[in-house]
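A closer look at the structure
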Protein chains: 4
Amino acid sequence: MSGNDYRESLRRYRPKVYVNGHEVPSVADAPQLAPGVNAVALTYDYALREEFAPLMRAETGNRMLAVPRSSQDLLNKLEAVRLVCQQTGCAQRYLAGDAFAAMLSATHQIDADLQTDYGDRFSAYLQQAWSDDLAIGVAMTDAKGDRTERPAAQANPDAYLHIASRRPDGIVLRGAKAIVTGAPYMHELLVMPCRNMTRMDADYAVCCAVPIDAPGMTLVARPAGRPGEPAATFSGRYGQSTAVVIFDDVFVPWERVFLAGEWQYSSAFTYEYATHHRHTCIAARAGFGDLLIGAGALMTEANGIDLDRAENVRESMVELIRIVEGFYACGVAASVYCRDDAAGVAVPDAIFANVGKLLLATQIYDMHRLAHHVSGGLIVTLPGPEEDHNPATGAKLSELLKGRSDIPYEKRVEVARLIEDLTASSQGGWYSVISLHGGGSPEAMKMEIWRNYPLGNKVDLVERLLERGVLADTTRRILKNRQPGRCCIEGCVVPLPEPAALTLHRKKD
Amino acid sequence: MSGNDYRESLRRYRPKVYVNGHEVPSVADAPQLAPGVNAVALTYDYALREEFAPLMRAETGNRMLAVPRSSQDLLNKLEAVRLVCQQTGCAQRYLAGDAFAAMLSATHQIDADLQTDYGDRFSAYLQQAWSDDLAIGVAMTDAKGDRTERPAAQANPDAYLHIASRRPDGIVLRGAKAIVTGAPYMHELLVMPCRNMTRMDADYAVCCAVPIDAPGMTLVARPAGRPGEPAATFSGRYGQSTAVVIFDDVFVPWERVFLAGEWQYSSAFTYEYATHHRHTCIAARAGFGDLLIGAGALMTEANGIDLDRAENVRESMVELIRIVEGFYACGVAASVYCRDDAAGVAVPDAIFANVGKLLLATQIYDMHRLAHHVSGGLIVTLPGPEEDHNPATGAKLSELLKGRSDIPYEKRVEVARLIEDLTASSQGGWYSVISLHGGGSPEAMKMEIWRNYPLGNKVDLVERLLERGVLADTTRRILKNRQPGRCCIEGCVVPLPEPAALTLHRKKD
Amino acid sequence: MSGNDYRESLRRYRPKVYVNGHEVPSVADAPQLAPGVNAVALTYDYALREEFAPLMRAETGNRMLAVPRSSQDLLNKLEAVRLVCQQTGCAQRYLAGDAFAAMLSATHQIDADLQTDYGDRFSAYLQQAWSDDLAIGVAMTDAKGDRTERPAAQANPDAYLHIASRRPDGIVLRGAKAIVTGAPYMHELLVMPCRNMTRMDADYAVCCAVPIDAPGMTLVARPAGRPGEPAATFSGRYGQSTAVVIFDDVFVPWERVFLAGEWQYSSAFTYEYATHHRHTCIAARAGFGDLLIGAGALMTEANGIDLDRAENVRESMVELIRIVEGFYACGVAASVYCRDDAAGVAVPDAIFANVGKLLLATQIYDMHRLAHHVSGGLIVTLPGPEEDHNPATGAKLSELLKGRSDIPYEKRVEVARLIEDLTASSQGGWYSVISLHGGGSPEAMKMEIWRNYPLGNKVDLVERLLERGVLADTTRRILKNRQPGRCCIEGCVVPLPEPAALTLHRKKD
Amino acid sequence: MSGNDYRESLRRYRPKVYVNGHEVPSVADAPQLAPGVNAVALTYDYALREEFAPLMRAETGNRMLAVPRSSQDLLNKLEAVRLVCQQTGCAQRYLAGDAFAAMLSATHQIDADLQTDYGDRFSAYLQQAWSDDLAIGVAMTDAKGDRTERPAAQANPDAYLHIASRRPDGIVLRGAKAIVTGAPYMHELLVMPCRNMTRMDADYAVCCAVPIDAPGMTLVARPAGRPGEPAATFSGRYGQSTAVVIFDDVFVPWERVFLAGEWQYSSAFTYEYATHHRHTCIAARAGFGDLLIGAGALMTEANGIDLDRAENVRESMVELIRIVEGFYACGVAASVYCRDDAAGVAVPDAIFANVGKLLLATQIYDMHRLAHHVSGGLIVTLPGPEEDHNPATGAKLSELLKGRSDIPYEKRVEVARLIEDLTASSQGGWYSVISLHGGGSPEAMKMEIWRNYPLGNKVDLVERLLERGVLADTTRRILKNRQPGRCCIEGCVVPLPEPAALTLHRKKD
């Protein structure tokens, strides 16, 4: 499927979409959504280009939808996502691959424990999705209501999406998902739970797939990027919409339901997805970083700065590189130290994946700062594009505001506007907030690092150095050892010094 | 003069102003400039309110135009600027006060050295400006062209503003000033040099005052804030325009000329202004910080977070406070340790003023990060204001997207939009870039800290501790000692341990 | 009293002191304690020097013991403490002044509420301490035992110091104070509670003064500095001892008891002390910073680096200055915005004082890093002092390891050893840990910032901007407004925009 | 060879070693050097343990000496070095492996260009070193004299080590190497140039191997660790000596000479070594980080802190983990993206390796801060080990200073001393300075990142986004593209979007 085929395919759906208070008659033709459609379309076009084939095509089709089976797959996914995001800022479509991996693992786990058949249902769905090469969104974040209460205890029962009723042929959903990236121009949405649940919350433990135009579903969306704004050099072409999706008694047939009440498994969907998704986010933001690095270098050039001499500006360029490659490295390491789960999914190492996501989440602000530093104040003070062709001022400005004499003003202002667009516009704001909170807020990553770190090993190491025996009379929490995973690198093993007797977190009897 | 009087007064001027490619017929009535006019108007209104009198009124009139004569004046200026900026984001008008102080000092210095009469001319102008209670902008930053060349060596002679010809009754200016804050809605502009000059650059050493509608002057401006955008809760009301000001043979009579060719004194204007202005910037950004602190607290409340319990969110609130009060403290210290110059101007301590400006310049990005952290991702994903009254979705959203049950959705979304406006919109981008580069980029502050620090004292201290005699055979650069200034605090003196024999920076032979 | 008089006075006491497992027969003559004695002695000598009089002498005698009564006093205290600490690293004796201020305020408060006579007792004691010009330590930190239990609930009742019995003529103390700075070479100790207490903990609410050789008191101390180590250029001369002080039924007569069971007032002693002490810490560490700045500059010179050219090294010097003056500024601001309490004590502003202490606590590590950066790796690899006079190697090393040709090796290695001593030795470790945890750990400062910040004002500001009425139906916690304090600066007032109706922290029903 | 065999082997050498001014009669028996000998011995013992075989043994023998030939080798080296350093702090011996890789590459390059036979000589030497399983130090850092002058222009010609004369059978060396890690207890030293050279400096372009007891060579060393200090829980057992090595006409036969005057190739030795060594440093410091993590966790436990509840302490633990695994990830990524050079050496990716080293260099100070934060102030205030058995105080202290009731004081103080030893003692100082400056100071890494980054690709990316043609009339500097390297991961390729036409750094004509 090419990008244009994808655009055409959108016409076969009739989703109920509002943008800025107005209903959108045709998603494929809506200017407000065009930058989002363009970004997704590029993932189709790139998969058709031979030179990108090793990255963009997996065995099962487009890399954006692939389930990783090895370190190679994970590394290739990283490079593929970085590639599409360095063209589009954020290509959005890869979230489905992350969700597929999580759903494969989680349904496998339920089936193994409870002899259900969610795994078969999901596999059938997955084959179809691959074969149709769909664009699929992930509807996870609930409205949540009062943060201090669990789903079933909310004053408003619809604060979390839930099963309103069960029918012989399927389930009926009610509630809302509050932040669904790219929703309007997807073919389908994957509904997933956003947290762990208790027995009381059983109706809220639901995972399924719904077509974007399922009856009863309404999408209230923001425009994608900055469509129609003349200064939006980049985000006038590529952008991302986010939507609130209201479910007003939406029916889902059983063959598309992958969790329906087994509340104990809700967190498996959430956490597995989080690990895959944070790993992928690393690559997405590295692609964004590539844009900043390139634009920053061009801007310094247009300003007449020689980076080999201007130490303080070069320092900021190096710092920008250090940040981007520093968090990308965590993605690579998470791929190498992946583990192979029972469903055959290669799961990125949780420590490295969460460290990488945490680094990008907080350092996106430093990236903006550094881009601004190398660019100078002109990016928010140069006249806008409407002025370029003003006969009263255009020629004069072009002459006066030139920097280096061999680079035309037009080129300088063009890069300046790109940097403003990426870092000092509403689009720049979106990138920073989404980097911070998307895929979970910093606390979520910190908790995952804490939960997964083999702290007991480190404690054991120190106790042996202190020539202590391990205290025998205490309860121990066995902490996960770092596993070498199914690392494809033969001969690379990471044994522990000794069979670890772990001692931390002794609770007082 | 009240705010409305100020608005009315603007009608008496006929400046040639373009915004977004279109000429503005009446500045006072232009919607694109209204947020800027509002921000300046507030500085008039506040001076009329009795409860603000100690802050907003100096002996010579409005505090925004006052020349500081003591530590008290500097402290009161800080509080006054913080006050007006916590209402408007940035009230713009105080730049004139900073420029007046610098011009008083610099003209005094030239007159003392060269027996010129710039000081008298300037005093006469100053009395008039005070008595007319004008709004005055500062036109300092030149277009600069190729950064590696001095003004007179530029391919384009107009890259820096300069004296094109001298007439018996005055001078004629040609060139441009590239970044003039608030220019369109000012009564006058103060033209100042932006750097040190050499003999060759004499024509570029020029300082004078011009009315905003001087023949030959064209202003190409950006809109102030985000006028007309429905989501611009705050910056639809208060904002800042910046303009490129083109000087196409603008005549200035001698009585308004305060530097005309005495190139040796160009840097005096620039550096004196920089010290005053950086000091003032500290207060301006503290006012902006107050807005973020208050809005962040309200947002957490609407989200249902109890800050006394949610340690990680409270941690971010405290960090935000730490940043804002941390750099504000530098402004206070610079006031206390001010020095009294020959013209009777109280000059803020350069170390503390530059440290404070440096801290705010880089930490504005952390302030955005922290505001985003405490607010959650909703600030860039909630539906826009056009959706509020959509009959198909409004009521539903209002019910679904409520956080804490006793706080209406309308209030939650209102604060969310305010935070988006302040930190994740084009206005947020403006605040960050202007904080970083306004009043000089970080390198400029670092150089000032370096130039002014009494490093010799510290070296002397260590040499005495090492029981070394001071090396006698070396050339010494006497570094400035920190002076107790004309600190109003009686009995507070900061003597040096011993008459300091300074030793650093010994050059070889 | 001169430094030597102080040394002599120590001979009149017979404290039971152990250092490194051995009893010390005479504190004044113990080499292990000499650096500590030297540091305290300097505070006596400096008070006798006329040029330091404005700083070192208050009306009541030595500044180290003075109770601040105005902004001037606070500013002078800061400069005095910075002065003595830039000679000694940490002069230790100023803690008594901080405690005196707190005890004056707290006893005044109890008396006012309970009609006790603690205030009179304390005033009498204070007059005597001033007149005798004593060196007095502060014994505050208890052993604490299990951190999750309150004092009275500890398995070991002696984990916190407490009143073991009450007698007609006084009280008997039992327990220990775990970290008492400079204890062995003090004349007396002030026993203070280290936390808030409950009714159950009444016996633990105790404040009093005890002579250092009170029967039943044992001091287990660390050596002060690095006495006797040949490479200890600085800390062989000046240092600090810390001691565990064991109280084994120590009798204290009533005239020296200032709290005995009034548990509600325990926290008043603790928190008031904390505010004064954190304010003072700022100056102490600024003095240490001065040493690093001077030594760093000398080291770069000896290495042959020209700081006007080597941008990256200069950048680190400026960063070091920025840190030191940045937190010092908070001390200045806390002095200016002090408040005058009912006992006539000028209390530094809690926000600025805690922000300053927090900044120094965490940035001391950056200060070490920067000092190392500018100095190069030689500081931990150059041969030690024993090698200087080795006939087989000394001359050769002196020739080979010279940096700049006009600076002898001996001078280079001397500065290198100073920097190692200050930052890469056990003394350097002490400075960093004490900066982090002394006067309370970072969490304590964060809580104080949170408790004291006028958050309600900021919320009110935003609510008015949003044109909201204040919600009438909610419970409000009135948050402290920033007070202008008894700032000596006439005309400097910090009014609130409007009588503030505060709205934050509305609890549900 | 076992650790004891290694100790025995040291007796076969008679190096001239001074420590603290005294000659060492037998290195193997010198208490001052024992911690260093222990650390090296462990690398022998571990290679004999079967469970460590995959890490510690390469095809050519001990991993510490192996030349990496693939990504696997690099990953295994990382894990092996982390393993030995988490036991010893720093095992020192791996530097030889880094130097071997660099020498193999550089000699191959000279031979290819100049038809010399350095490669054969070096291969013969290498086979012997492997077969003898030697401990070999790297003597690279010259004394350097005046930093602003090149080697041949120094006032003192011996400021850089150089060829004093050439004989038919070899060369004679004169000068000194200033910082040689572990020198006294090595069998041999590899002499390497520390910078690029010019034709004038030809005599300074020298690389060779010398036995540790070569006539004319004198080692002036610091003790290894903190031998004999009772509180040195860890560094009394494991430590590192650094030595100044004086070359006073040391003869080296031709078969051990690998560069002698071919100045153009000097930098090849230096830079190749730097890349390998920085990569290895990452693993070494990660091992040190493991010690801190484990010790920090034990200390919190002994203090009675429950990390699942105490959010602020847990936050610091997570931050410590984030730092350690964050820079370790860069080592992993550098291994995966390695390149295969003409000599068959797998060279770690220079960007990732330098980013990782830069991160550890600056963040070691944060690691200390965090370890201190979680441990509390007791680590520098608890009584020393001599007090433990003081009959007058020991039992009392043991009872009073206990934290959690089920953990004996003895265990608490033991961990506290370990943390003091690692972070707040002279050993802690050594670790921080060596991390900052070892393997090159931060500027060196920044320059390497800058030199190697494929900036042109990023610029090209942006130019295509801006739909610009590539400017045809400009000189281009072709910047290195990131290569997929000889990554062992099949199917993992990193193609560039399009044949890159690079445009940055256009110089004016």
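Each remark here, short or long, concerns the structure printed above.
We now turn to the structure provided with this report.

Conventions used here
- Residue numbers run consecutively from 1 along every chain, following the written order of its sequence.
- Chain letters start at A and ligand numbers start at 1, both assigned in the order the entries are written.
- The predicted origin of the model limits local features to residues at a pLDDT of at least 70 and limits the giving and counting of side-chain atom pairs to 80 or more, whereas totals for whole chains, interfaces and linings rest on all residues.
- Values reported for side chains reflect all heavy atoms of the structure, with hydrogen atoms and water molecules removed beforehand.
- The pairing criterion is simple: DSSP has to find at least two bridges between the two strands.
- Where helices and strands are cited, they refer to DSSP runs of H or I of at least four residues and of E of at least two residues respectively, numbered from the N terminus.
- With axes taken as lines fitted to C-alpha atoms, and helix axes fitted only over the stretch in contact, angles between N-to-C directions fall between 0 and 180 degrees.
- The contact rule is simple, with two residues in contact once any of their heavy atoms fall within 4.5 Å.
- Here the expected span of a helix is defined as 1.5 Å times the quantity of residues minus one.
- With a 1.4 Å probe rolled over the protein chains alone, any residue whose accessible area is under 20% of its type maximum counts as buried; one over 50% counts as exposed, and the rest are partly exposed.
- Two rings from Phe, Tyr or Trp (for Trp, the six-membered ring) form a pair when their centres are within 6.5 Å of each other. A pair whose planes differ by under 30 degrees is stacked, one over 60 is edge-to-face, and the rest are tilted.

**Focus on the sheet that holds strand 13 (residues 257-260) of chain B**
Residues and elements named next belong to chain B. Reading across the sheet, the four strands line up as 5-9-10-13 and stay open at both edges, with mixed pairing between neighbours. At either end of the open sheet lies a strand with only one pairing partner, and these are strand 5 (136-139) and strand 13. Strand-to-strand twist in this sheet, taken as the mean axis angle between neighbours without regard to direction, amounts to 25°. Summarising the sheet, strand 10 (residues 206-211) and strand 13 pair through three bridges and their orientation is antiparallel.

**Digging into the side chain of Asp290(C)**
Looking at the element boundaries, Asp290(C) is found in helix 7 (residues 266-302). Not counting the four nearest positions on each side in its chain, Asp290(C) is found in contact with Tyr453(B), Lys458(B), Leu461(B), Arg82(C) and Gln86(C).

**Things to note about helix 4 (residues 71-88) of chain C**
With 18 residues, helix 4 of chain C should reach 26 Å at 1.5 Å per residue; the first-to-last C-alpha distance of 26 Å fits that figure. Counting buried positions along helix 4 of chain C gives 17 out of 18 residues, so the element sits mostly inside the fold.

**As for the pairing of strand 7 (residues 162-167) of chain A**
All names here are of chain A. Where strand 7 and strand 8 (residues 170-181) come together, five bridges link them in antiparallel fashion. Looking at the pairing, Ser165 lines up with Val172 of strand 8. Hairpin connection between strand 7 and strand 8: a loop of two residues separates the two successive antiparallel strands.

**Examining the packing of aromatic side chains**
When we look at a pair of aromatic rings, we describe it by the centre distance and by the angle of the planes. On inspection of all chains with the given rule, the structure shows 48 aromatic pairs over all chains. Between Phe100(A) and Phe122(A), the ring centres sit 6.0 Å apart and the planes meet at 65°, which makes this aromatic pair edge-to-face. Taken together, the residues Phe100(A) in helix 5 (residues 95-114) and Phe122(A) in helix 6 (residues 118-132) connect sequence positions 22 residues apart. With a relative accessible area of 0%, Phe100(A) lands in the buried category. Ring centres of Trp430(B) and Tyr431(B) lie 5.5 Å apart, and the angle between their planes is 75°; on these two criteria the pair is classed as edge-to-face. Take Trp430(B): its relative accessible area is 8%, and that puts it in the buried class.

**A word on the sheet that holds strand 5 (residues 136-139) of chain D**
Residue and element names in this part refer to chain D. In space, the four strands of this open sheet follow the order 5-9-10-13, with mixed pairing throughout. With partners counted over all chains shown, the strands left at the sheet margins are strand 5 and strand 13 (257-260), one partner each. Here the average twist between neighbouring strands, direction ignored, is 25°. By the bridge criterion, four bridges tie strand 5 to strand 9 (residues 188-191) in an arrangement that is parallel. Bridge pairing in strand 9 places Ala139 opposite Val191. Contacts from helix 6 (residues 118-132) reach strand 5, strand 9, strand 10 (206-211) and strand 13 within the one sheet, and its direction differs from that of strand 13 by about 145°.

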